[in-house]
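So you can see what is in the structure, the chains are spelled out below.
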Amino acid sequence: MLDWLKNINKDYPDFWKDYLMKFETKPNRFVVLSTETSGLNPDKDVILSLGAFAVVDDGIVIKDSFESVLLQYKFLQDNGLSNEFIIDSKLVKMQEPDAIEGLINFIGNAILVGHHINFDIEMLNSALERLDCGRIKNEALDVDMMYRKLTDINDKQFSLDDLCDIYKIPKSDRNSSSEDAYRIALLFLKLKSRLGIK
């Protein structure tokens with residue numbers, strides 16, 4: 001029996017079963033993803049906001065996007081952190097289960113793209129575990145690794161700001177996961193063409 005079929009027969013939430021079914025077909029888009037988190041430990045920290053844009057062919061599809069602030073009041077209070085960011089944000093606010101379900105429905109079987117994307121995926125996997133789901137199945141590309149492959153640099157990592165400076169992508173005063181996702185998408189388009197990725 002196919003692995004994905006065995007997984008569907010488990011007692012997963014319906015949105016996760018729908019997600020697994022999408023891998024019967026090849027992806028026809030990329031989804032550029034950025035998360036803002038409370039820290040760097042997927043076991044202890046949580047996602048505070050999500051931003052994602054679809055990339056189809058050689059363009060960013062602005063109307064095909066997802067963004068949310070995750071309501072993490074309990075975590076913030078338990079850790080003595082301010083929730084001012086959440087209160088002040090004009091973005092759509094969702095409880096973590098709703099935001100994660102919304103993102104999973106949005107990404108489908110797309111190839112994920114990010115800056116240090118493995119960290120974003122691990123944070124998502126931790127949130128999915130809290131919902132009794134499996135782990136992210138999507139293929140993933142990292143713009144830092146793409147740049148290092150292109151330039152044959154193996155002994156250094158580049159920050160998102162470094163890469164934006166190299167490719168003359170303007171920075172924004174507005175610091176948000178959606179803004180970062182958009183900058184990553186612009187970087188990805190430049191790197192994608194240079195690396196011949198279709």
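S.K.: Go over the packing of helix H2 (residues 14–21) against helix H5 (residues 96–107), please, and point to the residues and values.
M.R.: Packed helices, taken two at a time, are described by their axes: the angle between them and the distance between them. One can describe the packing of H2 onto H5 by two numbers: an axis separation of 10 Å at closest approach and a directional angle of 20°. As far as their axial angle goes, H5 and H2 are roughly parallel. H2 and H5 meet at a crossing whose hand is left-handed. Across from Phe15, Trp16 and Tyr19 in H2, the residues of H5 making contact are Glu101, Ile104, Asn105 and Ile107.

S.K.: Describe the packing of helix H7 (residues 143–151) against helix H9 (residues 177–195), and please don't skip the residues or the numbers.
M.R.: One way to put it is that H7 packs onto H9 with a least axis distance of 10 Å and a crossing angle of 35°. The crossing of H7 and H9 is left-handed. Residue-level contacts link Val143, Met146, Tyr147 and Leu150 of H7 to Ile184, Leu187, Phe188, Leu191, Lys192, Arg194 and Leu195 of H9. Grouping the constituent residues of the contact of H7 with H9 by class yields 9 nonpolar, no polar and 2 charged.

S.K.: Provide a residue-level description of the sheet that holds strand S4 (residues 93–95), including the pertinent values.
M.R.: Strand order in this open sheet of 6 strands is S4-S3-S2-S1-S5-S6, and the pairing throughout is mixed. Looking at strand neighbours, the two that pair on one side only are S4 and strand S6 (140–142), the edges of this open sheet. This sheet shows a mean twist of 30° between the axes of neighbouring strands, independent of strand direction. The pairing of strand S3 (residues 59–71) with S4 spans 3 bridges and is classified as parallel. Paired with Val69 across the two strands is Lys93, which belongs to S4. Each of strand S1 (30–37), strand S2 (47–56), S3, S4 and strand S5 (111–114) is contacted by H5, which is oriented at about 165° to S3, the strand it contacts most. Strands S1, S2, S3, S5 and S6 of the sheet are contacted by H9, whose axis makes an angle of about 35° with S2.

S.K.: Describe the pairing of S2, listing the residues and the values that go with them.
M.R.: With 9 of 10 residues buried, S2 is to be regarded as a mostly interior element. For S1 and S2, the ladder comprises 8 bridges, and the chain directions are antiparallel. Its bridge partner lying in S2, Thr35 is registered against Leu50. Where S2 meets S3, 8 bridges bridge the pair, whose relative direction is antiparallel. Counted as the bridge partner of Phe53 is Ser65 from S3. Joining the antiparallel neighbours S2 and S3 is a turn of 2 residues, in which Asp57 adopts a positive phi near 55°.

S.K.: Mind laying out a negative patch on the surface, listing which residues take part and the relevant values?
M.R.: Among the surface-exposed residues, Asp11, Asp43, Glu129 and Asp132 lie close enough to one another that they form a single negatively charged patch. On the basis of relative accessible area, Glu129 is assigned to the exposed category, the value being 60%.

S.K.: Please give an account of the packing of aromatic side chains that cites residues and values.
M.R.: Tallied over the full model, the rule gives 8 aromatic pairs. Note on Tyr147 and Phe158: the rings are 5.0 Å apart at their centroids and 85° apart in plane angle, and the pair reads as edge-to-face. With Tyr147 in helix H7 and Phe158 in the loop between H7 and helix H8 (160–166), this pair connects stretches of sequence that are 11 residues apart. There is no split in this pair, since Tyr147 and Phe158 are both buried. Ring-pair connections join several aromatic residues into one group, and the members of that group are Tyr12, Trp16, Tyr19 and Phe23. Its guanidinium or amino end placed over the ring of Phe106, Arg29 lies 4.8 Å from that ring's centre, counting from NZ or CZ. Across the ring face of Phe23, the terminal group of Lys137 is positioned such that the distance to the ring centre comes to 5.3 Å.

Basis of the calculations
- Every chain's residues receive numbers from 1 upward, in the order its sequence appears when written.
- pLDDT decides what is reported in this predicted model: residues at 70 or higher carry local features, side-chain atom pairs at 80 or more are listed and counted, and totals for whole chains, interfaces and linings draw on all residues regardless.
- Hydrogens and waters are ignored; side-chain quantities use all the structure's heavy atoms.
- Simply put, an axis is a line fit to the C-alpha atoms, just over the touching stretch for a helix, and the angle between two N-to-C directions goes from 0 to 180 degrees.
- Numbering of helices and strands runs from the N terminus; a helix is a DSSP stretch of H or I covering at least four residues, while a strand is a stretch of E covering at least two.
- Any angle from 65 to 115 degrees is called roughly perpendicular, while one under 35 is roughly parallel, one over 145 is roughly antiparallel, and all others are oblique.
- In this scheme the handedness of a crossing depends on how the near helix is turned from the far one: anticlockwise by less than a right angle means left-handed, clockwise means right-handed.
- In this description, contact between two residues means that some pair of their heavy atoms is separated by no more than 4.5 Å.
- Residues were grouped as follows: Ala, Val, Leu, Ile, Met, Phe, Trp, Tyr, Cys and Pro as nonpolar; Asp, Glu, Lys and Arg as charged; and all remaining residues, including Gly, as polar.
- Any two strands with at least two DSSP bridges between them are considered paired.
- Remark: exposure states derive from per-residue accessible area (1.4 Å probe, protein chains only) relative to the maximum for the residue type, with buried under 20%, exposed over 50%, and partly exposed in between.
- Grouping into patches uses exposed residues only, defined as over 30% relative accessible area, and leaves out salt-bridged ones; the cut-off is 9 Å for like charges and 5 Å for nonpolar side chains (Val, Leu, Ile, Met, Phe, Trp, Tyr).
- Each accessible area is a Shrake-Rupley estimate made with a 1.4 Å probe; only the visible protein chains count as cover when residues are assessed.
- Counted as salt bridges are all cases of a side-chain nitrogen of Lys or Arg within 4 Å of a carboxyl oxygen of Asp or Glu.
- A positive count includes Lys and Arg, and a negative count includes Asp and Glu. His and the chain ends are not counted in either.
- Charged groups are reduced to one reference atom each: NZ for lysine, CZ for arginine, CG for aspartic acid, CD for glutamic acid.
- Aromatic rings from Phe, Tyr and Trp, taking only the six-membered ring of Trp, are treated as a pair when their centres fall within 6.5 Å; an angle between ring planes under 30 degrees marks them as stacked, one over 60 as edge-to-face, and anything in between as tilted.
- Counted as over-ring charges are cases with an Arg CZ or a Lys NZ within 6 Å of the ring centre that also lie within 35 degrees of the ring normal.

Read these as spatial facts, not as claims about activity.
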